[in-house]
Amino acid sequence: ALFKMFSFDKNHLAEAESLLVQAYDLHESSVFLAWRGLLQMIKSIEFPQGNSAELRDMAEAMTRYASERSPSNSTVNALASQTRAMLFGDAASALHFASLAVDDNPRNPFAIQAMAVAKMLAGEDEDSYQLSARARAFASKSAFRHWWDAHHATICVATDRKNEAIEAAEAALLSVSSLRPAYRYLI
């Protein structure tokens, strides 16, 4: 499911949804629910044709419920933070969930990136940049490194590091050519 989700291909996103539903039906893990919440967030931003409000509501509800069920799961809280930040621009909630995620696992690159995005929203530019660079380094061998490259491009744009933003966005596109956010950062 994650390989399909992180392809950012519309058809693969539907397959990822089906696989995550099946996984949750087999084992009611909050992690599967949090991933589904993030998936709704991705769909609402990247493919908002007519149902983005419904997808946003689903993303918020799934990540909230997952974090209530597993309040000390680093990945669940990192995904809740990303959803609050990217869908709602809610710096306070994003910081809250990112702090829980980092406290639980200070080496989780999803948690560190979530904190970087939350700090960017809060206007803490230098901390945001340093955290993003650290998360990106931790994830440099990941099959999903384009996630951190794309987020780093966003933070570099926000912190006026244009050359590094271009480098990060191009690196993301080398991994996944259908990664629409990276094209937006390059523009």
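Residues numbered from 1 in each chain as written. Predicted model: local features only at pLDDT ≥ 70, side-chain atom pairs only at ≥ 80, totals over all residues. Heavy atoms only, no water.

K.L.:
What should I look at first to understand the environment of T159 in this one?
P.N.:
As for its placement among the helices and strands, T159 is situated in the loop between α9 (145–158) and α10 (162–175). Placed 30 residues apart in sequence, T159 and Y129 show a C-alpha to C-alpha distance of 7.3 Å. When sequence neighbours within four positions are dropped, the list of residues in contact with T159 reads D125 and Y129. Looking at T159, its side chain comes within polar contact range of the side chain of R161, at 2.9 Å. (Helix = DSSP H or I, 4+ residues; strand = E, 2+ residues; numbered from the N terminus. Contact = heavy atoms within 4.5 Å. Polar contact = N/O pair within 3.5 Å; in protein donor to acceptor, adjacent residues only side chain to side chain.)

K.L.:
Hey, could you run me through the side chain of R136 in this one?
P.N.:
One can find R136 in helix α8 (residues 125–138). A polar contact is formed between the side chain of R136 and the side chain of D149, at a distance of 2.6 Å. Those residues within four positions of R136 in sequence are excluded, and the remaining contacts are W148, D149, H152, E167, A168 and A171.

K.L.:
What exactly am I supposed to notice about helix α7 (residues 109–121) here?
P.N.:
Working note: α-helix, 3.6 residues per turn, so residues spaced by three or four point in the same direction. When the terminal C-alpha atoms of α7 are compared, their 18 Å separation across 13 residues agrees well with the 18 Å that a helix rising 1.5 Å per residue should span. Among the 13 residues of α7, twelve are classified as buried, and the element is accordingly described as predominantly covered. Among all positions of α7, only P109, F110, A111, I112, Q113, A114, M115, A116, V117, A118, K119 and M120 are buried. Looking at the packing, one finds that the buried side of α7 touches α3 (30–46), α5 (74–88), α6 (91–104), α8 and α9. The N-capping residue of α7, defined by a side-chain oxygen 2.8 Å from the backbone nitrogen of F110, is N108. Once α7 finishes, G123 follows within two positions and takes phi at roughly 85°, a positive value. (Expected span 1.5 Å × (residues − 1). Buried < 20%, exposed > 50% of the residue type's maximum accessible area, 1.4 Å probe, protein only.)

K.L.:
How do you make sense of the pattern of salt bridges when you look at a structure like this?
P.N.:
Pairs can form between side chains of opposite charge whenever their charged atoms are close. The final tally for this structure, using the stated rule, is 14 salt bridges. Between E46 and R180 there is a salt bridge whose closest N-O contact spans 3.1 Å. Of the two residues, E46 sits in helix α3 while R180 sits in helix α11 (residues 180–186), which places them 134 residues apart along the sequence. Residue classification places R180 among the partly exposed positions, given a relative accessible area of 38%. Where R84 meets D90, a salt bridge forms, and the shortest distance between an N and an O atom there is 3.0 Å. (Salt bridge = Lys/Arg side-chain N within 4 Å of Asp/Glu carboxyl O.)

K.L.:
Explanation requested: the packing of α7 against α8 in the structure shown.
P.N.:
Helix-helix packing is described using two parameters, namely the angle between the two axes and the distance between the axes. Close contact between α7 and α8 brings their axes to 8 Å; oriented N to C, the two are set at 160°. When the interaxial angle is binned, α7 and α8 end up roughly antiparallel. Crossing geometry of α7 relative to α8 is assigned as left-handed. Here P109, I112, Q113, M115, A116, K119 and M120 of α7 come into contact with α8, specifically with D125, D127, S128, L131, S132, R134, A135 and F138. For the contact of α7 with α8, the per-class residue count stands at eight nonpolar, three polar and four charged. (Axes fitted to C-alpha atoms, helices over the stretch in contact; angles between N-to-C directions. Parallel < 35°, antiparallel > 145°, perpendicular 65-115°, else oblique. Left-handed = near helix turned anticlockwise from the far one by under 90°. Nonpolar A, V, L, I, M, F, W, Y, C, P; charged D, E, K, R; others polar.)

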